[in-house]
Amino acid sequence: MAIDLGTPPAAPPTSAPAATRTRTPGWRDPRLWVGVVVVAGSVLLGARVVGAADDTVTVWAAAEELPAGAPLRPDDLVAARVRFADEADLAAYLPTSQELPADAVLGRSVGAGELVPGAALGAGGDSDLLQLAVAVEPEQLAGAVAAGSRVNVYLVARGGGDRGHDSGEPVLEDVVVLDAAAADDGYAASGLRRLVLAVPEEDAGRYYGLLGSLTDPLVSVAVRG
């Protein structure tokens, strides 16, 4: 005998959850203020880091080797950015904001790329170095010479008759060349090479005294190094 179980009851309808709408936080929302504080702090910290990284000053450095006694010109200098740990160190050098004296000369040589110290600077009349011009026969110039070269200068009696000076010793020793005429640039239409040397005043006087004591002097220059 068959038993009629009947039609099974229908499953109740499933209801979907109600949708919620995201609202923009209002100005009273504490999360908004926390975000503002975080952003402001990041900006302030970044500004301090950038400011510390650029804590440098600009001072003058030598564009190339500058010999003692040479006049200091703007073309001889390049700007260099430097960070000094102590402001007292900055005072020892020449800031680019400071105008160079018109008659400034170097009391000592300054190497290429070296910061120019204020102590190395003097006025033209303050230095005890004179600019001494010498005329040299090309064959009496031993070595390539240019501004910045260091040379020894000898005086020789051509005929050997003058005995007032021992020609084995330099008249001027280890002096700096301030200017050297080109090899094809004749001096006084004689074909001599003209050199301008930075010489202590007392040595310049001794040089002229020995030059005048020789009947037919011959100037010979040897380039050092």
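Let me begin by describing the structure that accompanies this report. Within each chain, residues carry numbers counting from 1 in the order of the written sequence. Predicted model: local features are reported for residues with pLDDT of at least 70 only, side-chain atom pairs are reported and counted for 80 or more only, and whole-chain, interface and lining totals are derived from all residues. Hydrogens and water are ignored here; the side-chain numbers use all heavy atoms of the structure.

## A closer look at the overall build of the protein
Here is the rule: For helices the rule is a DSSP run of H or I covering at least 4 residues; for strands it is a run of E covering at least 2, with both sets numbered from the N terminus onward. Note on classification: 1.4 Å probe, protein chains only; a residue is buried when its accessible area is under 20% of the maximum for its type, exposed when over 50%, partly exposed between these limits. For this analysis, residues touch if any pair of their heavy atoms sits within 4.5 Å.
Within the protein one finds three helices and ten strands. For the protein, the succession of helices and strands along the chain, N to C, is α-β-β-α-β-β-β-β-β-β-β-α-β. Counting only residues that meet the buried cut, the protein has 27% of its 225 residues in that class. Sequence separation of at least 24 residues holds for 68% of the intrachain contacts in the protein that already meet a minimum separation of 6.

## Some words on the side chain of Ser-220
Basically, it comes down to this: The definition of a polar contact used here is a pair of N or O atoms within 3.5 Å, where within protein one atom must be able to donate a hydrogen and the other to accept one, and adjacent residues in sequence count solely through side-chain atom pairs.
With respect to the helices, strands and loops of the structure, Ser-220 is situated in strand β10 (residues 217-223). Here Ser-220 falls in the buried class, since its relative accessible area comes to 17%. Polar contacts involving the side chain of Ser-220 include one to the side chain of Gln-140, which spans 3.3 Å.

## Quick notes on the packing of aromatic side chains
Defined as follows: We call Phe, Tyr and Trp rings a pair once their centres come within 6.5 Å, taking the six-membered ring for Trp, and we label the pair stacked below 30 degrees between planes, edge-to-face above 60, and tilted otherwise.
The final tally for this structure, using the stated rule, is one aromatic pair. Residues Tyr-207 and Tyr-208 carry aromatic rings whose centres are separated by 5.5 Å and whose planes lie at 70 degrees to one another, so their mutual orientation is edge-to-face. The exposure class of Tyr-208 is partly exposed, given its relative accessible area of 46%.

## Comments concerning helix α3 (residues 201-213)
Because each turn of an α-helix spans 3.6 residues, side chains separated by three or four positions in sequence point in the same direction. Quick note on the threshold: Expected span of a helix: the number of residues minus one, times 1.5 Å. Comment: arc refers to directions from the helix axis out to C-beta atoms.
Look at α3: 19 Å from first C-alpha to last across 13 residues, which is about the 18 Å you get at 1.5 Å a residue. For α3, the full list of buried residues reads Ala-204, Tyr-207 and Leu-210. When α3 is viewed along its axis, its buried side chains cluster within an angular range of 130 degrees and face the same direction. For α3, the exposed residues lying more than 90 degrees away from the buried face are Glu-201, Glu-202 and Gly-212. Buried residues along α3 sit in contact with β5 (129-136), β7 (150-157), β8 (172-180), β9 (193-200) and β10.

## Things to note about the pairing of β9
In summary, the side chains of a regular strand alternate between the two faces of the sheet. Where we set the bar: If DSSP finds at least two bridges between two strands, the strands pair.
Among the eight residues of β9, six are classified as buried, and the element is accordingly described as predominantly covered. Pairing of β5 with β9, which is carried by eight bridges, proceeds in the antiparallel orientation. Residue pairing for β9: Leu-129 is matched across the bridge by Pro-200. Relative to β9, β8 runs antiparallel, the two being bridged by four bridges. Following the sheet pairing, Asp-179 is matched in β9 by Val-196.

## With respect to the nonpolar core
Threshold: Residue types Ala, Val, Leu, Ile, Met, Phe, Trp, Tyr and Cys, when buried and joined through side-chain atoms within 4.5 Å, form a set referred to as a nonpolar core.
Judged by nonpolar contacts, the single largest core of 22 residues is most densely connected at Val-151, Val-153, Leu-172, Leu-195, Leu-197, Tyr-207 and Val-221. Among the secondary structure elements, those contributing two or more residues to this core are β5, β7, β8, β9, α3 and β10. Tallying contributions element by element places β7 first for this core, with four residues. The contacts of Tyr-207, once residues within four sequence positions are left out, are Leu-132, Val-134, Val-153, Leu-155, Val-171, Leu-172 and Val-219. Residues Leu-72, Ala-104, Val-116 and Ala-120 belong to the second largest nonpolar core, which totals twelve residues.

## Comments concerning the side chain of Asn-152
Topologically, Asn-152 is positioned in strand β7. Reaching out from Asn-152, the side chain makes a polar contact with the backbone nitrogen of Asp-174 at a distance of 2.8 Å. Residues in contact with Asn-152, not counting those within four places in the same chain, are Pro-170, Leu-172, Glu-173, Asp-174, Ser-220, Val-221, Ala-222 and Arg-224.

## What to know about the pattern of salt bridges
Keep this limit in mind: The rule for a salt bridge is simple: a side-chain nitrogen of Lys or Arg has to be within 4 Å of a carboxyl oxygen of Asp or Glu.
According to the stated counting rule, one finds three salt bridges in the structure shown. Here Asp-174 ties to Arg-150 by a salt bridge, and the two come within 2.9 Å at their closest N and O atoms. Placement of the pair is Asp-174 in strand β8 and Arg-150 in strand β7, with a sequence separation of 24 residues. Judged by relative accessible area, Arg-150 falls into the partly exposed class, the value being 32%.

## Observations regarding the sheet that holds β10
Sheets are built from strands paired through backbone hydrogen bonds, the pairs being either parallel or antiparallel. Note the threshold: Axis definition: a line fitted to C-alpha atoms, limited for helices to the stretch in contact. Angles are taken between N-to-C directions and run from 0 to 180 degrees.
Pairing in this open sheet of six strands is mixed, and the strands run β5-β9-β8-β7-β10-β6 from one edge to the other. Single-partner strands in this sheet number two, and they are β5 and β6 (141-142). Contacting β5, β7, β8, β9 and β10, α3 crosses the sheet at an angle of about 130 degrees to β9.

## A word on unusual backbone geometry
In this structure, Asp-174 is a non-glycine residue whose phi angle is positive, near 55 degrees. For Asp-174, a relative accessible area of 33% translates into the label partly exposed.

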